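Here's the letter readout for the chains.
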Amino acid sequence: MQLKNPILGLCQQATFMLSAAKVDQCPDDAGFEVAFAGRSNAGKSSALNTLTHASLARTSKTPGRTQLLNFFKLDDDRRLVDLPGYGYAKVPIPLKQHWQRHLEAYLGSRESLKGLILMMDIRHPMTDFDTLMLDWAVASGMPMHILLTKADKLTYGAAKNTLLKVQSQIRKGWGEAITIQLFSAPKRMGLEEAYTVLAGWLELADKGAEIEA
């Protein structure tokens, strides 16, 4: 017998709730939210879709298409949030400034936000955007877990070396609290570890049901 992670069932029944251009358009600030952030080419949408077994987040060959805060319902009390991507988005500067202003307002004001999943392309980790998000998480006391995405693009040895290098860099610069793992959406690598983090933040960790292994 083993405990089944209860996040699995919730992720499999995840549904789109709404898109918000401003904080005052977000759902009621109650319950539990986990937000997903990353540069526009970091594989954020692919990771979200793999974790939820659905095509909830829109993937595109043109990075930066996520221009709104997109909310996905897991149950009446729990949500996942896809945050706007940054980096390669070919959009006017005023629109970028709008995203940044409202993203900062969301991150700084949501009481229901329990943790932040930051996606980094394993081939290009620790960009300026990544370090800004790390700074914010530490300054605000927000739990953060990093997915080094596209790990299948490197050999396992190279991926592991990158993981250890980035992990060391983060510990020196931001402390021990931030966790990190390898992840690949196409290979479904790192799902169990990511689910464990989500279950903890969404207060599902002690609600597992015993099932046959």
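These numbers were taken from a predicted model, which means no experiment stands behind them.

Criteria and thresholds
- Residues numbered from 1 in each chain as written.
- Predicted model: local features only at pLDDT ≥ 70, side-chain atom pairs only at ≥ 80, totals over all residues.
- Heavy atoms only, no water.
- Helix = DSSP H or I, 4+ residues; strand = E, 2+ residues; numbered from the N terminus.
- Buried < 20%, exposed > 50% of the residue type's maximum accessible area, 1.4 Å probe, protein only.
- Contact = heavy atoms within 4.5 Å.
- Areas by Shrake-Rupley, 256 points an atom, 1.4 Å probe, with all protein chains shown as cover.
- Core = buried A, V, L, I, M, F, W, Y, C linked by side-chain atoms within 4.5 Å.
- Pairing = 2+ DSSP bridges.
- Axes fitted to C-alpha atoms, helices over the stretch in contact; angles between N-to-C directions.

**Concerning the overall build of the protein chain**
Item 1. If you tally the helices and strands in the protein chain, you get six helices and nine strands.
Item 2. Per-residue burial for the protein chain yields a buried fraction of 47% across its 213 residues.
Item 3. The long-range fraction of contacts in the protein chain, counting pairs at least 24 apart against all pairs at least 6 apart in sequence, stands at 75%.
Item 4. Accessible surface for the protein chain amounts to roughly 10700 Å². Of this, 51% is attributable to carbon and sulfur atoms.

**Describing the environment of aspartate 135**
Item 1. Its place among the elements puts aspartate 135 in helix H4 (residues 128–140).
Item 2. Here the alpha-carbon distance between aspartate 135 and glycine 173, two residues 38 residues apart in the chain, equals 9.2 Å.

**Concerning the nonpolar core**
Item 1. Ranked by size, the top nonpolar core spans 34 residues in total, and within it Leu83, Tyr106, Leu116, Leu134, Met144, Ile146 and Ile170 carry the most contacts.
Item 2. Sorting the residues of this core by element identifies strand E3 (32–38), strand E4 (69–75), helix H3 (93–109), strand E6 (113–121), H4, strand E7 (144–149), helix H5 (156–174) and strand E8 (179–182) as the ones contributing at least two each.
Item 3. By residue number, the principal contributor to this core is H5, which donates five residues.
Item 4. Ranked by size, the runner-up nonpolar core spans 28 residues in total, among them Leu51, Leu147, Ala185 and Ala199.

**Digging into the environment of leucine 134**
Item 1. Looking at where leucine 134 falls in the secondary structure, it is placed in helix H4.
Item 2. Residues leucine 134 and isoleucine 170, spaced 36 residues apart in sequence, show a C-alpha to C-alpha distance of 8.5 Å.
Item 3. Non-local contacts of leucine 134, meaning those with residues more than four positions away in its chain, are made with Met120, Met126, Met144, Ile146, Ile170, Trp174 and Ile178.

**Describing unusual backbone geometry**
Item 1. A positive phi angle, close to 60°, is found at methionine 126, a residue other than glycine.
Item 2. Mapped onto the elements of the fold, methionine 126 is located in the loop between E6 and H4.
Item 3. Note on methionine 126: relative accessible area 14%, which makes it buried.

**Considerations on the pairing of E6**
Item 1. Along E6, eight of the nine residues are buried, which leaves the element largely enclosed by surrounding structure.
Item 2. Sheet topology places E3 next to E6; six bridges connect them, and they run parallel. Residue pairing for E6: phenylalanine 36 is matched across the bridge by isoleucine 117.
Item 3. Bridging between E6 and E7 involves six bridges; their strand directions are parallel. Across the sheet, residue methionine 120 finds its bridge partner in E7, namely leucine 148.

**A closer look at the sheet that holds E7**
Item 1. Spatially, the seven strands line up as an open sheet ordered E2-E4-E5-E3-E6-E7-E8, and their pairing is mixed. Strand pairing shows two members of the sheet lacking a second neighbour, strand E2 (15–20) and E8, which therefore form its edges. The mean angle between the axes of side-by-side strands here comes to 25°, regardless of whether they run parallel or antiparallel.
Item 2. With five bridges connecting them, E2 and E4 associate as antiparallel partners. Residue pairing across strands places leucine 18 opposite phenylalanine 71, the latter belonging to E4.
Item 3. On the sheet, helix H6 (residues 191–201) packs against E3, strand E5 (78–82), E6, E7 and E8 and is oriented at approximately 160° with respect to E6.

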